[in-house]
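Take a look at the letters that make up each chain.
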Amino acid sequence: MSVLVYTESEQGKFKKTAFEVASYAKAVATQLGTTVTAVAINANDASALGNYGVDKVLNVSNSQLDAFNAKTYADVLKQAAEKENAKVVIVSSSADSKYLAPLLAVGLNAGFASNVVDVPSSTSPFTVKRTAFTNKAFSMTTIDTDVKLVAVSNNAFGLVESSGNASAEDFSPTLPESGVTVQSVDKATDKVTIADAEIVVSGGRGLKGPENWGMIEELAEVLGAATACSKPVSDLGWRPHSEHVGQTGKPVAANLYIAIGISGAIQHLAGINASKVKVVINTDAEAPFFKAADYGVVGDAFEVVPQLIEKLKAFKAQQ
Amino acid sequence: MKILVCISHVPDTTSKINFTDDNSKFDTNGVQFVINPNDEFGLTRAMWFKEKQGASVDVVNVGGAETEPTLRKALAIGADSAIRVNTAALDGFQVAKQLAKVVQDGGYDLVIAGRESIDYNGGMVPGMLAGLTNANFVNNCINLEVDGTNATAVREIDGGKETVATTLPLVIGGQKGLVEESDLRIPNMRGIMMARKKPLTVVEPVDANAETSAVAFEKPTPKGAVTLVSPDNLDELVNLLHNEAKVI
């Protein structure tokens, strides 16, 4: 009986979240007095997982799995969980993991808790803390089934290095018909995505138009951050919907969220409340975002942001 | 095409969230309930299919009689009939099992559910429903076209989007993008009058236990006051982010 964790990779390379869920799995395995088995699909160097507490890696290598497919991937994980007799299965909160998780829950007849932000407060009953009401509250949730499925919120647990060696084993599951075929993917491969980002720089209507986004992108580049926007900005077509954060957009659980020219509507705040540190730059000192922020600058974004970029460049140069 | 739209009855987005019974239950006192925003995009897309391609559209909710005004609103927007599964919604798995019975009994070709509800945010019902009914499934769906039994969907992925081909029967987890927000419909007086006469069927639940339980709730720790930094002293902001917050 081990804890099973799905460690996502892209073009053979593990995502940062793979190491985060591995770290989380290690903590759960320690609580349960057991080991961690990771499932790595078409990953180049699975031994890296040993640095984050993984004891064994099931290496799945199959060109049919090059493109993500929720049903097929869920079935691979189901077969791995059954092989390992896993009682706890852990995935990340990426779009792909959240896509496959409910299918996996049905396959394993596992109770499923998503958006989990901490290790179990108890393993019997198995109780986890998760966000609810779009980050306006936390719910202590028990999972009552024999097999438990947990999706960990991004950046909630962080990376915990450990000095272990992961043994490797080839695993060749049976692949079912998928029923859904990817025709095309439209993705900027050189940009940090909101889901993976530790820092997000977000712009609102205060930027006055899409032509002014250059400084948002430059600030994001200096910080190694993802760019995002408020709902009115995506509704106006200044930025793509995939950058819209908020209740009906993407949730952001970054370590640092910088909001520029965003007043802070309740729906926007609900989407970013899981972020740890919030900085707001706005001309309006009465903007509701200042009540939710940790640090604020009352000032004109067109004057503040270019200066901040220069200050950060100087800071980075000194590091 | 026979479409079922799953409607979650959720607190209005601006609701204050409070709990009762020693923080074990959501306090519905004074809360206005609405159609879950992600479901509303799906319902409007279903209306598009009805008007452009001749589909029938039913709506369903798992819940007590108190959810009927939300179902009536969906009827006023244009759904043909409504089904209420007469049991409290306990968790995603239990709700999905109730919905699966409705889907199987109704022989639906396309089921549209919001990618997640804005109350418990589980994001599990559409996928579980697909798994339980052995239908194809597309999550985070931002566009859907159906031609006969073939469907083409666009779904949002981290950092972009992808287009997929699939076939009916199909379940989608829908969201903003399925239709523009400006296309969302507000019930007009005629729709409200007509909705009163449309069938709202109450069906009894199947035997299904919840697999998870929310045993207690807590609210985030109240935040301290914002630390304001002068726009003329941005070195201080960099210093605070590095030394105090330790995020850069």
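Residues numbered from 1 in each chain as written. Chains lettered and ligands numbered in written order. Predicted model: local features only at pLDDT ≥ 70, side-chain atom pairs only at ≥ 80, totals over all residues. Heavy atoms only, no water.

Quick look at the overall build of chain B now. Helix and strand counts for chain B come out as 6 helices and 15 strands. Overall size of chain B, expressed as C-alpha extent along the three principal axes, is 65 × 45 × 40 Å. Counting every position in chain B, which comprises 248 residues, the buried fraction comes to 55%. In chain B, once contacts between residues fewer than 6 apart in sequence are set aside, the share between residues at least 24 apart is 69%. Counting only carbon and sulfur atoms, one obtains 48% of the accessible surface of chain B, whose full area is about 10600 Å². (Helix = DSSP H or I, 4+ residues; strand = E, 2+ residues; numbered from the N terminus. Buried < 20%, exposed > 50% of the residue type's maximum accessible area, 1.4 Å probe, protein only. Contact = heavy atoms within 4.5 Å. Areas by Shrake-Rupley, 256 points an atom, 1.4 Å probe, with all protein chains shown as cover.)

Moving on to the environment of I199 of chain A. Along the chain, the position of I199 of chain A falls in strand β14 (residues 199-203). Residue classification places I199 of chain A among the buried positions, given a relative accessible area of 8%. Remark: the alpha-carbon pair of I199 of chain A and K276 of chain A, spanning 77 residues in sequence, is separated by 10 Å. Ignoring anything within four residues of it in the chain, the contact list for I199 of chain A reads L223, A225, A226, A254 and L256 of chain A together with V247 and I248 of chain B.

This part takes up the pairing of strand β18 (residues 295-298) of chain A. The pairing of strand β17 (residues 277-282) of chain A with β18 of chain A spans 4 bridges and is classified as parallel. Residue pairing in the sheet places V279 of chain A in a bridge with Y295 of chain A of β18 of chain A. As paired strands, β18 of chain A and strand β15 (residues 227-228) of chain B are joined by 2 bridges and run parallel to one another. Within β15 of chain B, the residue paired with Y295 of chain A across the bridge is T227 of chain B. (Pairing = 2+ DSSP bridges.)

We now examine a nonpolar patch on the surface. Where nonpolar side chains cluster on the molecular surface, the patch consists of M189, I192 and M193 of chain B and spans about 290 Å² of accessible area. Considering the arrangement of structural elements, one finds M193 of chain B in helix α5 (residues 189-197). (Patch = residues over 30% accessible without salt bridge, like charges linked within 9 Å, V, L, I, M, F, W, Y side chains within 5 Å. Salt bridge = Lys/Arg side-chain N within 4 Å of Asp/Glu carboxyl O.)

What follows is about the sheet that holds strand β10 (residues 150-157) of chain B. Pairing is mixed in the open sheet, where 10 strands are placed in the order β13(A)-β11(B)-β10(B)-β9(B)-β12(B)-β8(B)-β1(B)-β6(B)-β7(B)-β13(B). The sheet is open, and its two edges are formed by β13 (180-187) of chain A together with β13 (200-203) of chain B, each paired on a single side. Pairwise comparison of adjacent strand axes, ignoring direction, gives a mean angle of 30 degrees for this sheet. With 6 bridges connecting them, strand β9 (residues 136-147) of chain B and β10 of chain B associate as antiparallel partners. (Axes fitted to C-alpha atoms, helices over the stretch in contact; angles between N-to-C directions.)

Residues and elements named next belong to chain A. Feature annotation in UniProt assigns "binding site: FAD" (unreviewed entry) to the following positions: R205, G261, I262, S263, G264, A265, I266, Q267, H268 and N282. If you trace the backbone, R205 turns up in the loop between β14 and α4 (214-223). Excluding residues that lie within four positions of it along the chain, R205 makes contacts with S230, P232, V233, L236, W238 and G261. Assignment of secondary structure puts A265 in the loop between β16 (256-260) and α6 (266-272). (UniProt positions renumbered as here; feature names shortened; annotations may be inferred.)

Residues and elements named next belong to chain A. At a minimum axis separation of 8 Å, helix α2 (residues 70-84) and helix α3 (residues 95-108) run at an interaxial angle of 45 degrees. Classed by the angle they form, the pair α2 and α3 counts as oblique. Of the two possible hands of crossing, α2 and α3 adopt the one that is right-handed. The residues of α3 that touch α2, namely those facing A70, K71, Y73, A74, L77, K78, A81 and E82, are Y99, L100, L103, L104, G107 and L108. Taken together, the residues that form the contact of α2 with α3 break down as 10 nonpolar, 1 polar and 3 charged. (Parallel < 35°, antiparallel > 145°, perpendicular 65-115°, else oblique. Left-handed = near helix turned anticlockwise from the far one by under 90°. Nonpolar A, V, L, I, M, F, W, Y, C, P; charged D, E, K, R; others polar.)

What follows is about the interface of chain B and chain A. Contact with chain B, which involves 75 residues of that partner, is made by 82 residues of chain A. Both faces considered, chain B and chain A share a buried interface measuring about 6700 Å² in area, 58% of it formed by carbon and sulfur atoms. Summed over the three residues of chain B that lose the most area to chain A, namely D158, K176 and L234 of chain B, the buried surface amounts to 10% of that side. Where chain B meets chain A, there are 7 salt bridges. Put simply, D235 of chain B and K311 of chain A hold a salt bridge, and the shortest N to O gap is 3.3 Å. (Buried area = accessible area lost by both parts, 1.4 Å probe.)

Let us look at the environment of G33 of chain A. Looking at the element boundaries, G33 of chain A is found in the loop between α1 (16-32) and β4 (36-41). G33 of chain A sits 32 residues away from M1 of chain A along the chain, and the two C-alpha atoms are 9.9 Å apart.

On to the UniProt feature "domain: Electron transfer flavoprotein alpha/beta-subunit N-terminal" (unreviewed entry) in chain A. UniProt records the feature "domain: Electron transfer flavoprotein alpha/beta-subunit N-terminal" (unreviewed entry) for residues 3-194 of chain A in the present numbering. Structurally, residues 3-194 of chain A comprises 24% helix and 33% strand, and the distance from its first C-alpha atom to its last is 28 Å.

Moving on to the environment of A274 of chain A. All names here are of chain A. As for its placement among the helices and strands, A274 is situated in the loop between α6 and β17. Sequence separation of A274 and A254 is 20 residues, and the distance between their C-alpha atoms is 7.4 Å. When sequence neighbours within four positions are dropped, the list of residues in contact with A274 reads N135, V252, A253 and A254.

All names here are of chain A. Side-chain alternation along strand β15 (residues 226-229) places A226 and A228 on one buried face and T227 and C229 on a second face that is also buried. In the sheet, β14 pairs with β15 via 4 bridges, with the strands oriented parallel. Bridge pairing links S202 to A228 in β15. With α4 bridging β14 and the parallel β15, this β-α-β connection has right-handed handedness. (Right-handed = clockwise from strand over helix to strand, strands pointing away.)

The next point concerns the state of the cysteines. All names here are of chain B. Taken as a whole and assessed by the stated rule, the structure comprises 0 disulfides over all chains. Cysteine C6 is unpaired, with the sulfur of C141 as its nearest cysteine sulfur at 14 Å. Of the residues examined, C141 reaches a relative accessible area of 0% and is grouped as buried. (Disulfide = S-S within 2.5 Å.)

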